[in-house]
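Structural overview for review
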Amino acid sequence: MNTSEHRPGDDRRRQVIDLRGPTAPTAPAPAPSRQERPRPPTRLRAPEPGAPAPLVLSAARPQTRIGGRGVLQANLNWRPGVDADLDLGCLVACREGDGTAVQALGDAYGSLTAWPYVSLDQDDRTGASSDGETLRVSLDHAHLFERLLLYVYVYEGAVDFRSLGAAVTVSAPGQQDVRIDLDDSPTGATACAIALVRPAVDGLSLRREVQWFRPTPELWLHQQIDAAYGFGFEWVYATKGER
């Protein structure tokens, strides 16, 4: 459950983010070298008939712009048959100083029609859903955002991302789809900052980040992502129910 807090001398509304999950693995089993590992197939949402191939953001071409009105969608999918619970989320910072996290953990699914104008459709606990998980952002309220950070983490069922074949596809009305592959995970990395979204002229800029995080005794994965990007949230325990 999310609750607001006020810091002395600071009138901005900040969220206290509930966060609890299984103890993350600290010593993953050794894996073959990258050359020895075949890349697993990635299950991607099928493009619309006649639609152009998606633009793939990479380290060499990390940024693009998304314009128009309507709804931006960021869809997470991963390899079929992998019994892993991946969670897609979004850290939201608004120009007025308000902020929150939209994610399944803590039942913080957000809203598309009210603040924070970002919502998560479902929690795919096993990867069995052909639709994966989808975050939606209201482009009609893009002027309210300071920045959005899309992220993903392993809640349970995998020691890292190397065998998951995960990818995120970002789409918006009248725009070419954009794909970000999460295929270069280092050993033991169980969370990834995927992309940073900021307001731009007549739309939003989307920049590939793909920054990986490993569990540490000092900080939860969410705290590490928050600290790396300076959102400044307070994090407390939350949990999911049984599958």
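Data block above holds the structure.
The present account deals with the structure reproduced in this document. (Residues numbered from 1 in each chain as written. Predicted model: local features only at pLDDT ≥ 70, side-chain atom pairs only at ≥ 80, totals over all residues. Heavy atoms only, no water.)

**So, the pairing of strand β6 (residues 85–94)**
As a general feature of sheets, a regular strand has side chains that alternate between the two faces. When you tally the buried positions in β6, you get 10 out of 10 residues, the bulk of the element. Residues of β6 alternate between two faces, with D85, D87, G89, L91 and A93 on one and L86, L88, C90, V92 and C94 on the opposite face, all of them buried. Summarising the sheet, β6 and strand β11 (residues 145–156) pair through 10 bridges and their orientation is antiparallel. If you follow D85 over to β11, its bridge partner there is E156. (Buried < 20%, exposed > 50% of the residue type's maximum accessible area, 1.4 Å probe, protein only. Helix = DSSP H or I, 4+ residues; strand = E, 2+ residues; numbered from the N terminus. Pairing = 2+ DSSP bridges.)

**A closer look at the pattern of salt bridges**
In total, this model carries six salt bridges according to the counting rule given. Between R208 and D184 there is a salt bridge; the shortest N-O distance is 3.9 Å. A residue pair is termed long-range when its members are at least 10 positions apart, and R208 in strand β15 (residues 203–213) and D184 in the loop between β13 (178–182) and β14 (191–200) qualify at 24 residues. Relative accessible area serves as the criterion here: at 30%, D184 is assigned to the partly exposed category. (Salt bridge = Lys/Arg side-chain N within 4 Å of Asp/Glu carboxyl O.)

**Considerations on the sheet that holds strand β7 (residues 99–102)**
Read from one edge to the other, the open sheet built from six strands follows the order β4-β15-β14-β11-β6-β7, with strand pairing classed as antiparallel. Either end of the sheet is taken by a strand with one partner, and the two such strands are β4 (63–67) and β7. Strand-to-strand twist in this sheet, taken as the mean axis angle between neighbours without regard to direction, amounts to 20°. (Axes fitted to C-alpha atoms, helices over the stretch in contact; angles between N-to-C directions.)

**Focus: the packing of aromatic side chains**
Tallied over the entire structure, the rule returns four aromatic pairs. For the ring pair F231 and F233, a centre distance of 5.8 Å and an interplane angle of 40° mean the geometry is tilted. The exposure classification of F231 matches that of F233, with both residues buried. Centroid distance F233 to W235: 6.3 Å. Interplanar angle 65°. Geometry classified as edge-to-face. When sorted by exposure, F233 lands in the same class as W235, which is buried. Within the aromatic cluster, the residues linked to one another by ring pairs are F231, F233 and W235. Its end group placed over the ring of F231, R147 keeps NZ or CZ at 4.1 Å from the ring centre. (Phe/Tyr/Trp six-rings, centres within 6.5 Å; stacked < 30°, edge-to-face > 60°. Lys NZ or Arg CZ within 6 Å of the ring centre and 35° of its normal.)

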